[in-house]
Amino acid sequence: MTNIPRHKTRQVRVGHALIGGGAPVLVQSMTNTDTADAGRTAAQVFELARAGSEIVRVTVNTAEAAAQVPRIRERLDAMGCDVPLVGDFHFNGHKLLAEYPDCARALAKYRINPGNVGRGAKRDEQFATLIEMACRYDKPVRIGVNWGSLDQELLARLMDENARTAEPVDSDTVTRQALVVSEAGMGTKGIVASTAALGVLLQEGIGDTIRISLTPEPGGDRTREVMVAQELLQTMGLRSFSPMVIACPGCGRTTSTTFQELAEKIQRYLREQMLQWRERYPGVEDMHVAVMGCVVNGPGESKHANIGISLPGSGERPVAPVYVDGIKTVTLKGERIAEEFQQLVEEYVRATYGEGGRLRRDEPQKKRNIPIKTAV
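Residues numbered from 1 in each chain as written. Predicted model: local features only at pLDDT ≥ 70, side-chain atom pairs only at ≥ 80, totals over all residues. Heavy atoms only, no water.

### Remarks on the overall build of the chain
Along the backbone of the chain there are 12 helices and 13 strands. Projected onto its principal axes, the C-alpha coordinates of the chain cover approximately 75 × 50 × 40 Å. Counting over 376 residues, the chain shows a buried share of 46%. Sequence separation of 24 or more characterises 62% of the internal contacts of the chain that already satisfy a separation of 6 or more. In the structure as shown, the chain presents an accessible area of about 19200 Å², 51% of it carried by carbon and sulfur atoms. Where the 47 positive side-chain charges of the chain centre and where its 46 negative ones centre are 4 Å apart. (Helix = DSSP H or I, 4+ residues; strand = E, 2+ residues; numbered from the N terminus. Buried < 20%, exposed > 50% of the residue type's maximum accessible area, 1.4 Å probe, protein only. Contact = heavy atoms within 4.5 Å. Areas by Shrake-Rupley, 256 points an atom, 1.4 Å probe, with all protein chains shown as cover. Lys, Arg positive; Asp, Glu negative; His and termini not counted. Charge placed at Lys NZ, Arg CZ, Asp CG, Glu CD.)

This is how it looks when you write it as C-alpha cells:
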C-alpha cells in the first residue's frame, strides 16, 4: 500500500459503512433506474453492491419514488444485501422526507445541493427542514458539489448560449448545468476525465469516498463505474480489491492474440472468484498475476509476480514457462495452456491464502519483496 498522507477528517457512519477518520476510501455508485420501480432498482443496487460498490445512491425525486424506498430496502435485506442507500434530493427533498417518514428511516444518508433546496425566502426554511429531518432520524447529510472535473471550455460555451437566450438564467444555474455535463461521459472520455481529476485529489490525500461518473451505452453495464473506481484506488496503492493482472500491450512479436485472450480470461475469472475468495482467502486481493506475450519481457515480469506465465511470441517455440514466487515450476504445452494455467492459479490461491497457507493478512505482500506493479 502507498504512504500517501491522508487529510484528517471527522468519521461519519453511513449505515454500517465508515467514511473518513482514517477509514479506507470507499467506492460508491448510483442507480439509473426509476426509483419508483422498486424491483428494477433493488436489482440494480444488488448488482452494484455485488460488483463492489460499498454505498449506492438512488434518486428520490417524486412521491412515488419516496414511497418505494422502504420497499427497496426490504428487497435488498431479503437478498442478504446490506449496502447503505443514499437518497439524492433536489428541490422537494424537504417535503418528501417530511411526508414519507419510512423513506427517511430507510435511507442511510441524505444528499443535497444547497443551490437546489429552494429560492428566495423559502430557501433557508426548506434547508432547515432537511436538516431537522436528518437530526430526527439520526442520518448524516452530504452537502455540496464537486468542481474538480468542470470543463472550462464547456462552461464558457454554456454561458455564451445562456446570454443569447430571451430569458437568461443566473450564472450559478449555468455552472451547475456545466457540472452535470462535464462530470460524466461515455467510454474512455468519462474514464479519463474522472480519473484525471480524482487521481490528483487522491494523491494530495483528499477524498474519503469516490464515485466514477460514467454514462453507460444503451443497455450497458452500470457496474463498470464501480470497477473503474476500484482500479483507480488499487493502481494508486490506496486499497486492494482483486488480484491484479499484469499484461504487456503487444507488439510485432506477438501477432497471435493468445496472450490477450488469456489475460482477459484470467482477469474476468479472478473478479468472479473474488465473490467467494474475499472471505475464504484473506489477502488474495493483493496477489499479482502476470500474463506476458513473448520472451523479451515475459520471463522477467513473470518472476516478479506471485504467479506468472510467459507465452510464446511469433516464431517462438510453442511452450509457456510458469513462474511461482519467482521460481520456474513447470512449462505448459499444447492446446490447453489457458485452462492449465487457470488451474495453477486456483491451486496457488488455496495453498497460499487458504487456512494454514503460506501468506495471510498478518504477513503482507511487501515482506515478500514483490513489487507493486501496474499494467505495462
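### Considering the sheet that holds strand 9 (residues 244-247)
The strand order across the open sheet formed by five strands is 9-10-11-12-13, and the pairing between neighbours is mixed. Every interior strand has two partners, whereas the edge strands, strand 9 and strand 13 (327-333), have only one. Strand after strand, the sheet turns through a mean of 20° between neighbouring axes, direction not considered. (Pairing = 2+ DSSP bridges. Axes fitted to C-alpha atoms, helices over the stretch in contact; angles between N-to-C directions.)

### A word on unusual backbone geometry
Here the phi dihedral of F91 falls at roughly 70°; this positive angle occurs in a residue that is not glycine. Structurally, F91 is set in the loop between strand 5 (85-88) and helix 3 (93-99). Assessed through its relative accessible area of 56%, F91 is described here as exposed. For D138, which is not a glycine, the phi torsion comes out positive at approximately 55°. When its relative accessible area of 69% is taken as the criterion, D138 is described as exposed.

### Thoughts on the environment of V60
Topologically, V60 is positioned in the loop between strand 4 (55-59) and helix 2 (63-78). We classify V60 as buried; its relative accessible area is 0%. Sequence separation of V60 and D160 is 100 residues, and the distance between their C-alpha atoms is 32 Å. Sequence-distant contacts of V60, defined by excluding residues within four places in its chain, comprise A65, A66, V69, G87, D88, F89, N92, L96 and C103.

### Observations concerning the sheet that holds strand 7 (residues 141-143)
Hydrogen bonds between backbone atoms are what pair the strands of a sheet, whose relative direction is either parallel or antiparallel. What the six strands build is an open sheet, ordered 7-6-5-4-3-8; its pairing is parallel. The sheet terminates laterally at strand 7 and strand 8 (209-210), the two strands that pair on one side only. In terms of strand pairing, strand 6 (residues 109-112) meets strand 7 through three bridges, oriented parallel. If you follow R111 over to strand 7, its bridge partner there is R142. Here helix 9 (residues 224-235) sits on the sheet in contact with strand 3 (26-30) and strand 8, set at roughly 160° to strand 3.

### Regarding helix 8 (residues 187-203)
With 17 residues, helix 8 ought to run about 24 Å at 1.5 Å a step, and its terminal C-alpha atoms sit 24 Å apart, in line with that. Every buried residue of helix 8 is accounted for by G187, G190, S194, A197, L198, G199 and L202. Positioned one or two residues after helix 8, G205 has a phi angle of 80°, which is positive. (Expected span 1.5 Å × (residues − 1).)

### Things to note about the layout of surface pockets
Roughly 710 Å³ of internal volume is contained in the second largest pocket. Lining the second largest pocket are 26 residues; nearest its centre among them are A49, G52, S53, E54 and R278. Going through the elements one at a time, strand 2 (17-19), helix 1 (38-51) and helix 10 (258-280) are the ones with two or more residues in the lining of the second largest pocket. (1 Å grid on protein atoms, 1.4 Å probe; cavity = no way out; pocket = protein on both sides within 12 Å on 5 of 7 lines; lining within 4 Å. Points joined across faces, edges and corners; volume = space filled by probe spheres on them.)

### Considering the packing of aromatic side chains
For the coordinates displayed, the defined rule picks out four aromatic pairs. With centroids separated by 6.3 Å and ring planes inclined at 75°, the aromatic side chains of W277 and Y281 adopt a geometry described as edge-to-face. Given a relative accessible area of 7%, Y281 falls into the buried group. Ring centres of Y348 and Y353 lie 6.4 Å apart, and the angle between their planes is 70°; this geometry places the pair in the edge-to-face category. Using a relative accessible area of 5% as the deciding quantity, one classes Y348 as buried. A relative accessible area of 1% means that Y353 is categorised as buried. Grouping aromatic residues by their ring pairs yields a cluster made of Y269, W277 and Y281. (Phe/Tyr/Trp six-rings, centres within 6.5 Å; stacked < 30°, edge-to-face > 60°.)

### Brief notes about the pairing of strand 9
Because side chains alternate across strand 9, one face comprises the buried residues M244 and I246, and the other comprises V245 and A247, equally buried. Judged from the four bridges that link them, strand 9 and strand 10 (residues 288-292) form a sheet pairing that is parallel. Bridging from a neighbouring strand, A247 pairs with V291 of strand 10. Regarding the hand of the β-α-β motif, the stretch spanning strand 9, helix 10 and strand 10 is left-handed. (Right-handed = clockwise from strand over helix to strand, strands pointing away.)

### Some points on the packing of helix 10 against helix 12 (residues 337-353)
The interhelical angle for the contact between helix 10 and helix 12, taken along N-to-C directions, is 25°, at an axis separation of 11 Å. Between helix 10 and helix 12, the angle is such that the two are roughly parallel. Once helix 10 is placed against helix 12, the crossing between them reads as right-handed. Counting all contacts with helix 10, which are made through L262, K265, I266, Y269, L270, W277 and R280, the residues of helix 12 involved are A338, E339, F341, Q342, V345, E346, V349 and Y353. (Parallel < 35°, antiparallel > 145°, perpendicular 65-115°, else oblique. Left-handed = near helix turned anticlockwise from the far one by under 90°.)

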